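# Inside the fold
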Amino acid sequence: AEIRNQLKKELPEFKLSVTREHYSCVNVSIMSGPVKFRKDYEQINHFYIDDNYKDDPTARDILTKIKDITMKNERTMFIDGDYGAIPNYYVHISVGKWDKPYRQV
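Source: prediction; values computed, not measured. (Residues numbered from 1 in each chain as written. Predicted model: local features only at pLDDT ≥ 70, side-chain atom pairs only at ≥ 80, totals over all residues. Heavy atoms only, no water.)

With that out of the way, let us pick up the packing of aromatic side chains. One pair of aromatic rings is described through two measures. These are the centre distance and the angle between the planes. What the rule picks out here adds up to one aromatic pair. Both rings, one in phenylalanine 37 and one in tyrosine 102, keep their centres 5.1 Å apart while their planes meet at 90 degrees; by these two values the pair is edge-to-face. Note that phenylalanine 37 is positioned in the loop between β2 (25–33) and β3 (42–44) and tyrosine 102 in the loop between β6 (90–95) and β7 (103–104), a separation of 65 residues in sequence. For the residue pair phenylalanine 37 and tyrosine 102, the accessibility class agrees, reading buried in each case. Against the face of tyrosine 53 rests arginine 38, its NZ or CZ located 4.1 Å from the ring centre. (Phe/Tyr/Trp six-rings, centres within 6.5 Å; stacked < 30°, edge-to-face > 60°. Helix = DSSP H or I, 4+ residues; strand = E, 2+ residues; numbered from the N terminus. Buried < 20%, exposed > 50% of the residue type's maximum accessible area, 1.4 Å probe, protein only. Lys NZ or Arg CZ within 6 Å of the ring centre and 35° of its normal.)

Below, the structure written as structure tokens:
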């Protein structure tokens with residue numbers, strides 16, 4: 001709820017879907033807004049936003065803001081020998097959903 005409220009406050013012109021999955025994942029989907037994205041549905045790798053959107057600074061700034069707000073409380077819970085650093089939750093960001101594409105308004 002805290003992430004959802006912060007995103008609504010920072011990005012009031014966008015309709016966002018913020019859901020929790022399996023108690024260990026936060027999903028944020030941008031459903032509609034004034035910005036044109038490359039595709040109507042795209043899963044975003046939040047580790048490479050700067051590289052993948054260097055030619056579109058408006059989209060890059062919005063996605064970076066979503067990533068920063070969503071990952072504000074994310075931290076490493078423990079280091080596992082097989083899987084590396086295990087966070088307290090994972091973050092998935094997408095433009096639209098597979099069954100409901102993004103709509104520019």
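So, about the nonpolar core. Note on soluble globular proteins: their nonpolar side chains tend to be buried together. Core analysis: the largest hydrophobic core is formed by 23 residues, its most contacted members being Leu7, Phe14, Ile30, Phe37, Leu63 and Ile66. Sorting the residues of this core by element identifies α1 (2–10), β2, α3 (57–70) and β6 as the ones contributing at least two each. Counting residues per element, this core draws most heavily on α3, at five residues. When sequence neighbours within four positions are dropped, the list of residues in contact with leucine 7 reads Leu16, Val18, Val28, Ile66, Ile69 and Thr70. (Core = buried A, V, L, I, M, F, W, Y, C linked by side-chain atoms within 4.5 Å. Contact = heavy atoms within 4.5 Å.)

Glancing now at the packing of α1 against α3. Taken N-terminus to C-terminus, the directions of α1 and α3 make an angle of 150 degrees; their axes are 10 Å apart at the nearest point. Taken as axis vectors, α1 and α3 run roughly antiparallel relative to one another. Once α1 is placed against α3, the crossing between them reads as right-handed. The segment α1 lies against α3, with Ile3, Gln6, Leu7 and Glu10 engaging Lys65, Ile66, Ile69 and Thr70. Among the residues making up the contact of α1 with α3, the classes are represented as four nonpolar, two polar and two charged. (Axes fitted to C-alpha atoms, helices over the stretch in contact; angles between N-to-C directions. Parallel < 35°, antiparallel > 145°, perpendicular 65-115°, else oblique. Left-handed = near helix turned anticlockwise from the far one by under 90°. Nonpolar A, V, L, I, M, F, W, Y, C, P; charged D, E, K, R; others polar.)

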